[in-house]
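In case you want the letters, here they are:
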Amino acid sequence: MGGDAQTGGPDHRFGKARRLLNASDYSRVFDCAEARASHKHVLLLARRNDKPGHRLGLVVAKKNVRQAVQRNRVKRLTREVFRQVPQQGPFLDVVVLARRGIDQLDNAQLSSMLREQWRKLAQRVSTPNPSTSQER
RNA sequence: CGAGUCGAUCAGGCGAUCGCUCCCGGUCGUGUUUCACGGCCGCGGGGAGGAAAGUCCGGGCUCCAUAGGGCAGGGUGCCAGGUAACACCUGGGGGGCGCGAGCCUACGGAAAGUGCAACAGAAAGUAUACCGCCCGGCCACCCAGUGGUCGGGUAAGGGUGAAAUGGUGCGGUAAGAGCGCACCGCGCGGCUGGCAACAGGCGCGGCGAUGGUAAACCCCACCCGGAGCAAGACCAAAUAGGAAUCCAGACGCUGUGGCCCGCAGUGGAUUCGGGUAGGUCGCUACAGGCAGGCGGCGACGCCUGUCGCAGAUGAAUGAUCGUCCUCGACAGAACCCGGCUUAUCGAUCGACUCACUCU
RNA sequence: UGGGGUGUCGCCAAGCGGCAAGGCACCGGGUUUUGAUCCCGGCAUUCGCAGGUUCGAAUCCUGCCACCCCAG
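Residues numbered from 1 in each chain as written. Chains lettered and ligands numbered in written order. Predicted model: local features only at pLDDT ≥ 70, side-chain atom pairs only at ≥ 80, totals over all residues. Heavy atoms only, no water.

1. Observations regarding the pairing of strand β1 (residues 35–38)
Quick reminder of the rule: Only protein chains enter the area calculation, which uses a 1.4 Å probe; residues under 20% of their type maximum are buried, those over 50% are exposed, and those in between are partly exposed. A helix here means a DSSP run of H or I that spans at least four residues, while a strand means a run of E at least two residues long, and both kinds are numbered starting from the N terminus. For two strands to pair, DSSP has to find at least two bridges joining them.
Burial along β1 is one-sided: Ala35 and Ala37 are buried, while Arg36 and Ser38, pointing the other way, are not. Relative to strand β2 (residues 42–48), β1 runs antiparallel, the two sharing four bridges. Across the sheet, Ser38 pairs through a bridge with Leu43, a residue of β2. Counting the residues that bridge the hairpin from β1 to β2 gives three residues.

Put into structure tokens, the structure is as follows:
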């Protein structure tokens, strides 16, 4: 459906084609994560998709980030970082889970941390690690 | 100029680039034309709050009967008004705080009943008499008097306690006592003002009666049916059709508040097997905002004009850069309103009070 | 988002107007050659926080705070 959208549209868009939309999309990633990147404040899970671009899903639990303002801030920044990621390589479905204490970071710290985690994730997918695929 | 009281408003601004969502317009594609869905485009419009929060009250809305009767349970609690309603607001009264502007106030009933008050204390509620005080009889002595003992009168004083049976003063008395008087308090009666709460003043009662506690049970007056948009409705598909066991056989069972009645419907429960968990509506236009006029002390009401002001559904307001200043607090809509409560860097405006100085 | 519940010592908790039980743990002492067991004694508990009612509040009332559970 979005075949000509990808060729005609610019690189840094973030419409519904770039997001995980329902529970089945999420459970597909959770049930069979091909790669993961863990950090003190965040956990990324990823799986290859057959779509013409990366797709992002967010899990920011109320238990981990208490205030609604802080949850919104974390999600906005994560989307912003993801939006600026180049659309190339094997396309992934990624779920970002926030952990406790992530709301203590300021905007600059948060976005540089997320860029770093994305870089690690992309590396692991391009050179498949036998240990990670064995985990599931 | 300093200190303070009350009320109202605002909640970083501007520019550039990239990005999200809804609406509008255009265009392309798909399906069967109207039309629907999806993609893209537009120097096109809209896009969090005063608390959006806590969920503490009150309503609308939806389903259960159109929410009906009784019990139970809960709430409110000086008076009058406002309101859709309220535990809110306005005005007034009583009480308390402040020099004042003002602020605070769960503020009905204890002579309907039941209960409670540890410890201390004589006594904690149909009062009582420990130490005292006073009088009389008898006994002793150093015979005015003092001490002991018995009988009586007292509740002024002491001591205990959170609280001790009106308070203060004068008279009175053997000592005392509302025993008498004055003022205050309390109760009763009627009068004046006020819609009322209540206030004022008058007369009567000697007050052995009527202590406290109702955020103890309770009484009185008034109010409250239950659940919640994950309510609920619709579309495609499905709930079909089956099998087994158990219970009941219509004073039974089910239907959303705990029970009874009433009302409506009708066999019910469990297991096996089978199937679905996609979308649309509800979803923002109303107790609506602003301006003006009129009525009212005011809350508010009425009339006229004008404005269109989030509506997502894995869930939208952001990021980066520049610039200015006072350097930006608390904090993010999820059905919607009216309040209350709590969090909060500050800024501005208005009204008023007190102190000092000057004129 | 809605509904419901719980906060008492380090842990588990009873108490529901008048001194806050008890057990485990911990500390000190005794018993024992030593340890365990056993015995005795101790625990600085703002009773989640702040107001109020009462003579008196862990207990009653009001407002906050934290944590937990249930419903897609």
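From this point, things continue past the structure.
2. Side note on the confidence of the model for chain A
What counts, and what does not: Scored from 0 to 100, pLDDT reflects the predictor's confidence in each residue. Contact definition: two residues touch when any of their heavy atoms are within 4.5 Å.
Mean pLDDT over chain A: 77, with 85% of residues reaching 70 or higher. Across chain A, the element-wise mean pLDDT spans from 31 in helix α1 (residues 3–8) up to 88 in helix α3 (residues 68–83). Contacts from residues 1–10, a stretch scored under 50 in pLDDT, to residues over four places away or in other chains number two contacts. Reported confidence for the predicted complex is 0.78 by ipTM and 0.79 by pTM.

3. Digging into helix α4 (residues 107–126)
Note the cut-off: Given the number of residues in a helix, its expected span is that number minus one, multiplied by 1.5 Å. Working definition: the arc comes from the directions between the helix axis and the C-beta atoms, pointing outward to the latter. By the criterion applied in these results, polar contacts are pairs of N or O atoms within 3.5 Å in which, for protein atoms, one can donate a hydrogen and the other can accept it, and in which residues neighboring in sequence qualify only through two side-chain atoms.
Given a rise of 1.5 Å per residue, 20 residues ought to cover 28 Å, and the 29 Å separating the end C-alpha atoms of α4 matches this to within 8%. Within the span of α4, buried status applies to Leu110, Ser111, Met113, Leu114, Gln117, Trp118, Leu121 and Val125. Looking down the long axis of α4, one finds its buried residues gathered within 160° of arc, a one-sided arrangement. Looking at the buried positions of α4, the neighbouring elements they touch are β1, β2, α3 and β4 (92–98). In this structure Asp106 caps α4, since a side-chain oxygen of it lies 3.2 Å from the backbone nitrogen of Ala108.

4. What about the packing of α3 against α4?
Cut-off, in case you're wondering: Here, axes are lines fitted to C-alpha atoms. For helices the fit covers the stretch in contact, and angles between N-to-C directions go from 0 to 180 degrees. Here the word oblique covers every angle except those under 35 degrees (roughly parallel), over 145 (roughly antiparallel) and from 65 to 115 (roughly perpendicular). Left-handed describes a crossing whose near helix is turned anticlockwise from the far helix through less than a right angle; right-handed describes the clockwise counterpart. Nonpolar residues are Ala, Val, Leu, Ile, Met, Phe, Trp, Tyr, Cys and Pro. Charged residues are Asp, Glu, Lys and Arg, and all others, Gly as well, are polar.
Between α3 and α4, the shortest axis-to-axis distance is 10 Å and the interhelical angle comes to 50°. On the basis of their axis angle, the class for α3 and α4 is oblique. Here the hand of the crossing between α3 and α4 comes out right-handed. Residue-level contacts link Arg73, Val74, Leu77, Thr78, Val81 and Phe82 of α3 to Asn107, Leu110, Ser111, Leu114, Arg115 and Trp118 of α4. Considered class by class, the residues forming the contact of α3 with α4 number seven nonpolar, three polar and two charged.

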